[in-house]
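# Chain and residue survey
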Amino acid sequence: MVAELPYALDAETPLNSNELDVLRSQYEKEGEMVGIQTKFNYAWGLVKSTNRNDQQLGVRLLSDIFRHSPERRRECLYYLALGNYKLGSFADARRYNDLLLEREPSNMQAANLRQLIDDKVAKEGLMGVAILSGVGIAAGVVGAFIMRNAKKR
């Protein structure tokens with residue numbers, strides 16, 4: 001699916017471990033006095049990671065920037081949407097992505113991410129329906145079995 005949406009390629013392209021280590025090292029080196037750009041760069045690298053814990057930390061760092069640095073909100077929106085998408089928090093992903101699309105309706109990266117979110121929600125919705133249908137059928141079979149055994153007594 002991502003190959004069909006070239007602007008969303010970022011969603012599935014992690015940094016290599018050396019690149020992420022450089023960002024982590026800079027972030028840790030700055031310590032308590034970490035700059036916003038360093039924090040953003042590290043969060044960006046973490047969100048792109050394939051490691052769920054990294055992605056969660058990246059979203060937390062971006063959320064912190066979003067809350068405390070109004071001038072940086074716009075650039076946080078896409079990566080908050082991407083991070084939440086990768087974590088399976090599709091409602092949050094859609095909310096952040098929609099905020100970005102409201103500000104920048106022609107942003108192809110956000111438009112492609114919106115398509116990925118919608119496709120994933122539709123797919124998971126169909127899986128949910130299939131699971132509920134399976135549970136319903138199983139309950140019907142068990143109910144019929146119980147009724148049949150009750151009639152024999």
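My aim in this report is to walk through the structure given alongside it, one point at a time. (Residues numbered from 1 in each chain as written. Predicted model: local features only at pLDDT ≥ 70, side-chain atom pairs only at ≥ 80, totals over all residues. Heavy atoms only, no water.)

Turning next to the nonpolar core. Of all hydrophobic cores here, the largest spans 31 residues; its most connected members are Leu62, Cys76, Leu80, Leu82, Tyr85 and Leu113. Only α1 (17-30), α2 (36-48), α3 (52-68), α4 (73-87), α5 (90-103) and α6 (108-152) provide two or more residues apiece to this core. The element contributing the most residues to this core is α4, with nine residues. If sequence neighbours within four positions are ignored, Leu62 has contacts with Phe40, Ala43, Val47, Cys76, Tyr79 and Leu80. (Core = buried A, V, L, I, M, F, W, Y, C linked by side-chain atoms within 4.5 Å. Buried < 20%, exposed > 50% of the residue type's maximum accessible area, 1.4 Å probe, protein only. Helix = DSSP H or I, 4+ residues; strand = E, 2+ residues; numbered from the N terminus. Contact = heavy atoms within 4.5 Å.)

Scanning the entire structure with this criterion turns up nine salt bridges. In this structure, Lys39 engages Asp64 in a salt bridge whose closest nitrogen and oxygen atoms are separated by 2.2 Å. One end of the pair, Lys39, is in helix α2; the other, Asp64, is in helix α3, with 25 residues separating them in the sequence. One salt bridge in this structure joins Arg67 and Asp64, with 3.9 Å as the shortest N-O distance. With a gap of three residues between them, Arg67 and Asp64 both fall in helix α3, about one helical turn apart. The class of Arg67 is exposed, set by a relative accessible area of 53%. (Salt bridge = Lys/Arg side-chain N within 4 Å of Asp/Glu carboxyl O.)

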